[in-house]
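Now for the letters of each chain:
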Amino acid sequence: MAHEFTSGVFAHEPAWHGLGEVTSTDLIASSFFERAGALFPVEPLELWGGSPSAPDQMVAINKRAKAIWRPDTRHVLATVDPGYEIIPNRALLDFAKRIEREATIDAVVVLREGAKVAFTAQLRDLEATVVPGDNVKRYIVGYLGHNGKIGFGGMFSNTRVVCNNTLQGALHRDGQSGSGQFSIAHNAFEISQIEKVLEHIDFARQSFPETISLYQMMQQVSCSDEEFRLFIDNVYQPKPVETAGGEIRPGEVIRDMPRKWDQLIHAWRHGIGMDIPGVAGTAWAAFNAVTEVEGRIPAGAANNKRRFHSAYFGGGRTIIRRAEAAARQLIGIQ
């Protein structure tokens, strides 16, 4: 399933998928991780190559690759390069412990049998309402991958991470280099980079009211279907198209990117939160339609790895930035 949820614990409010344990009391970080099953061991596993019909001729291939596995469940999480260094889950717990004075742990999840682990902690006193029923909170999200694709990182986000979809969405929207973000590769374990997040907690508190003010201004500006179409062209900037007559016309998402348009128009009309009074038909709805589509990983999609790379390092992140810039134009600010 797209959410790839294996286990997790959530404070007070259940996840959208209804899975995992919901606790009615605030827990300390170590209790969250223990109850979520997020402190499992991860070890390297020697790989052998050859023919199964001749087991006596099998040879170790650890100079070319090695496996990462959970010895407690005997689940293989990934095949990686020989230089890959395992970062233990307790490193992520240590990160969560270090922010407990400033934030309350809200969720800890284990995804895809342990290939990813993440926590969400809400910064205290940072919650605001765009319209009644549409609340925005400021979180610190920490994540650790054992899948050979993502490392160990942390970021400020307005997304509560409860599954793979929301983790990908947070990385699309907030997982970028800059103030308060860090990412540590498995071959360069520099735990001191956590300080980049801790040092910018005050910045996150100061910038939150400005962010909410921007969202509220988006909600106050109406946006018609035609304006949404133009907004999408502004965000995705499709290339000019040569017509059958040899003329060049501007590119249009609705004509030249039909699959993307179908996703966007569905999110615009039926996406998350569009049923909240005051959201549909606004610049806020247009902005959220883009972030919903760009943060969604379809179940069984064959290009998940490529889409993750786009979100984390390039194209997907750029689109989110363009969406905010285009929304600012709709409401008349730069």
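Notes on the structure follow. (Residues numbered from 1 in each chain as written. Predicted model: local features only at pLDDT ≥ 70, side-chain atom pairs only at ≥ 80, totals over all residues. Heavy atoms only, no water.)

Below, the discussion takes up the sheet that holds strand β3 (residues 43-45). Whenever strands of a sheet pair, they do so through backbone hydrogen bonds, lying parallel or antiparallel. Here 3 strands make up an open sheet; going across it, the order is β3-β6-β7 and the pairing antiparallel. The open sheet is flanked by β3 and β7 (75-80), the only strands paired with a single partner. Each strand of the sheet is rotated relative to its neighbour by a mean of 35 degrees, with strand direction disregarded. Summarising the sheet, β3 and strand β6 (residues 66-70) pair through 3 bridges and their orientation is antiparallel. By the bridge assignment, E43 is partnered in β6 with W69. (Pairing = 2+ DSSP bridges. Helix = DSSP H or I, 4+ residues; strand = E, 2+ residues; numbered from the N terminus. Axes fitted to C-alpha atoms, helices over the stretch in contact; angles between N-to-C directions.)

All right, on to the pattern of salt bridges then. Here the structure, examined in full by the defined rule, presents 11 salt bridges. Across the pair R35 and E21 runs a salt bridge, and its minimum N-O distance is 2.2 Å. Placement of R35 in helix α1 (residues 29-35) and of E21 in strand β2 (residues 21-23) is noted, with a sequence separation of 14 residues between them. According to the relative accessible area criterion, E21 is partly exposed, its value standing at 28%. Measuring nitrogen to oxygen at the nearest pair gives 3.4 Å for the salt bridge that ties E324 to R328. Of this pair, E324 and R328 are both found in helix α11 (residues 315-331), 4 residues apart, which corresponds to roughly one turn of the helix. One salt-bridge network, held together by shared partners, links E226, R229, D233, E252 and R255. (Salt bridge = Lys/Arg side-chain N within 4 Å of Asp/Glu carboxyl O. Buried < 20%, exposed > 50% of the residue type's maximum accessible area, 1.4 Å probe, protein only.)

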